Amino acid sequence: MKHLSILGSTGSIGVSTLEIVAAYPDRFRVIAMTAGRNLDLFARQIRQFSPRIAAVASAQDIPRLKELCSGIKVEITGGVEGLIAAATADESEMVVAAIVGAAGLVPTAAAIKAGKDIALANKETLVTAGHLFMEMITEYGVKLYPVDSEHSAVFQSIEGHRSEDIGKIILTASGGPFLNTPTAQLASVTVQDALNHPNWSMGRKITIDSATMMNKGLEVLEARWLFDVPVEKIDVNIHPQSIIHSMVEYIDGCVIAQLGTPDMKAPIAYALSYPERVATGVKTLDLTTFSGLTFHKPDLIKFRCLGLAYQAIKAGESMPAVMNAANEIAVEAFLEGRIRFLQIPEIIERTMDAHQAHDLKTIEEVLLSDRWGRDKAREICRGGTPS
Ligand code: NAD
Ligand code: MG
């Protein structure tokens, strides 16, 4: 029986994780869970999974959650301390880090320090503070299992091989809903158009990141830290069918890839049950139904966010944290209808231009850079329409 804390249980990854837990009550037990604002769903999850502790992101929501959970035996808490309490609950062996954005940083760091293994969906932790997280993983002797489908694919393709034999990592990208949209039309795409991902069903923020291709930039950084491979050895291939989830090329010219129907339940289950595998109900793959699997290079001019991510990676130090913060603010503004699609890269670029990269030695320093990036991006958003 593996005891779990699930951070972000009401999100897309959180809900899929709970589906797996529900299918294997003899293998998994939820000790703690956390959520942001969807209190009704959270209360239903608490009723179904009976965690010992449940934490809401905002302490102000504690009374309402208590009301919704009346009659249920559960310790209800909230705010950052509540999230940390859930992440470090004594009985938990593994923490599923599925909060979206840099908000996942502090509870995930607390979980590592408490000796919990991590199933990592929250890529923003590695984007903003990859070097510190990887040091902590070693220092506290915990295991880190990727949930992101590309990184799970690399993880599966790398097993049993020596890191010095890796030639390169090839991350695949669907290209999102605008892969075939002429660049000129990107100026007028709507929130609904951007949320209409062709292959994956995901939370709103990552779906927009997929439409701008910032998601792949974040994933290059995530891979760089997870697998300790320099970015020069990480390629991105557009693969619109999303059947090959990523590949590893070895120095002898052999390439190992992981394939499957695009469904996050597969990588989530593997992170939870590693090294065993469990049936997930994911539709099996019938390659004969595909007329072709295609690959090509991404267009960094059309998808400026991916180009900006490469710039941030090159600048290093605090720049990826600032880029990530600006992206979170710009995506939120786009989702709320305050800016247009092409203003997302504008805001990120102007925030990065205003930033002087510097070394980050602690999580507190990462949080300061994150705050700086948010404030600057908000100021740029408020300043009217960038060119
Ligand atoms: P989501 O928006 O569907 O869910 C996010 C969860 O975090 C929710 O439970 C929400 O209540 C909670 N949350 C939001 N803001 C919070 C805050 N400030 N403090 C505490 N909790 C907060 O997101 P998702 O799509 O499930 O993605 C979660 C993470 O996993 C992201 O980092 C994303 O990049 C990564 N990821 C997701 C997918 C996917 O298929 N959805 C795939 C790969 C990686
Ligand atoms: Mg991914």
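Residues numbered from 1 in each chain as written. Chains lettered and ligands numbered in written order. Predicted model: local features only at pLDDT ≥ 70, side-chain atom pairs only at ≥ 80, totals over all residues. Heavy atoms only, no water.

## As for the sheet that holds strand 11 (residues 255–259)
Here 4 strands make up an open sheet; going across it, the order is 9-8-10-11 and the pairing mixed. The outermost strands of the open sheet, each flanked by one partner alone, are strand 9 (234–238) and strand 11. Averaged over all pairs of adjacent strands, the angle between their axes in this sheet comes to 20°, without regard to strand direction. The pairing of strand 8 (residues 166–173) with strand 10 (residues 244–250) spans 5 bridges and is classified as antiparallel. Following the sheet pairing, Ile169 is matched in strand 10 by Val248. Lying over the sheet, helix 7 (residues 149–158) contacts strand 8, strand 10 and strand 11, oriented at roughly 40° with respect to strand 10. (Pairing = 2+ DSSP bridges. Helix = DSSP H or I, 4+ residues; strand = E, 2+ residues; numbered from the N terminus. Axes fitted to C-alpha atoms, helices over the stretch in contact; angles between N-to-C directions. Contact = heavy atoms within 4.5 Å.)

## Considering the packing of helix 6 (residues 123–139) against helix 10 (residues 214–226)
If you want to describe how two helices pack, look at the angle between their axes and the distance between the axes. At a minimum axis distance of 8 Å, the contact between helix 6 and helix 10 shows a crossing angle of 20°. The angle between helix 6 and helix 10 places the two elements in the roughly parallel class. Taken as a pair, helix 6 and helix 10 cross one another with a handedness that is left-handed. Here Lys123, Leu126, Val127, Gly130, His131 and Met134 of helix 6 lie close against helix 10, whose contacting residues are Asn215, Leu218, Glu219, Leu221, Glu222, Trp225 and Leu226. Taken together, the residues that form the contact of helix 6 with helix 10 break down as 7 nonpolar, 3 polar and 3 charged. (Parallel < 35°, antiparallel > 145°, perpendicular 65-115°, else oblique. Left-handed = near helix turned anticlockwise from the far one by under 90°. Nonpolar A, V, L, I, M, F, W, Y, C, P; charged D, E, K, R; others polar.)

## Here's the deal with empty space enclosed by the protein
Following the criterion strictly, the structure yields 1 cavity of 30 Å³ or more and no others. Taken as a whole, the largest cavity spans an internal volume of roughly 40 Å³. Thr108, Ile112, Leu120, Thr125, Leu126, Phe133, Ile137 and Leu144 are the residues that line the largest cavity. Residue assignment for the lining of the largest cavity shows that the elements contributing at least two residues are helix 5 (105–113) and helix 6. Ranked by the residues each element gives to the lining of the largest cavity, the list is headed by helix 6, at 4 residues. Here the lining of the largest cavity is built from residues that sort into 6 nonpolar, 2 polar and no charged. (1 Å grid on protein atoms, 1.4 Å probe; cavity = no way out; pocket = protein on both sides within 12 Å on 5 of 7 lines; lining within 4 Å. Points joined across faces, edges and corners; volume = space filled by probe spheres on them.)

## Some points on helix 10
The end-to-end C-alpha distance of helix 10 is 18 Å, a good match for the 18 Å that 13 residues give at a rise of 1.5 Å each. Burial of helix 10 is extensive: 11 of the 13 residues sit out of reach of the surface. Two residues or fewer after helix 10 comes Asp228, characterised by a positive phi angle close to 50°. (Expected span 1.5 Å × (residues − 1). Buried < 20%, exposed > 50% of the residue type's maximum accessible area, 1.4 Å probe, protein only.)

## Brief notes about the pairing of strand 2 (residues 28–35)
One face of the sheet, then the other: side chains in a regular strand alternate in exactly this way. For strand 2, a buried count of 7 out of 8 residues is recorded, marking the element as mostly surrounded by other parts of the structure. In terms of handedness, the path from strand 1 (residues 2–7) via helix 1 (residues 12–23) over to strand 2 forms a crossover that is right-handed. Sheet analysis places strand 2 next to strand 3 (residues 53–56), joined by 4 bridges and oriented parallel. The residue of strand 3 that forms the bridge with Thr34 is Ala55. Once the chain exits strand 2 it traverses helix 2 (residues 39–49) before rejoining the sheet at strand 3, and the crossover so formed is right-handed. (Right-handed = clockwise from strand over helix to strand, strands pointing away.)

## Re the coordination of the magnesium ion (ligand 2)
Within the protein, the magnesium ion (ligand 2) binds to Asp148 (OD), Glu150 (OE) and Glu219 (OE); these donor distances fall in the range 2.1 Å. Written as a sequence motif, the donor residues of the magnesium ion (ligand 2) are D-x1-E-x68-E. Of this pair, Glu150 sits in helix 7 while Glu219 sits in helix 10, placing them 69 residues apart in sequence. Exposure class is identical for Glu150 and Glu219. Each is buried. (Donors = N, O, S within 2.8 Å, 3.2 Å for Na, K, Ca; no water.)

## Remarks on the environment of Ala309
Within the secondary structure layout, Ala309 lies in helix 12 (residues 304–315). On the basis of relative accessibility, which here comes to 0%, the residue Ala309 falls in the buried class. Ala309 sits 206 residues away from Ala103 along the chain, and the two C-alpha atoms are 20 Å apart. Contacts of Ala309, omitting those with residues within four sequence positions, involve Met214, Gly217 and Met323.

## Things to note about the pattern of salt bridges
Inspection of the entire model under this criterion finds 25 salt bridges. For Glu75, the salt bridge identified is with Arg52, shortest N-O distance 3.4 Å. Taken as a pair, Glu75 in strand 4 (residues 75–78) and Arg52 in the loop between helix 2 and strand 3 lie far apart in primary sequence, 23 residues in all. Looking at Glu75, the relative accessible area reads 41%, which means it is partly exposed. Asp263 is the partner of Lys265 in a salt bridge, and the nearest nitrogen-oxygen pair spans 4.0 Å. The structure contains a network of salt bridges with shared partners spanning Lys123, Asp148, Glu150, Lys216 and Glu219. (Salt bridge = Lys/Arg side-chain N within 4 Å of Asp/Glu carboxyl O.)

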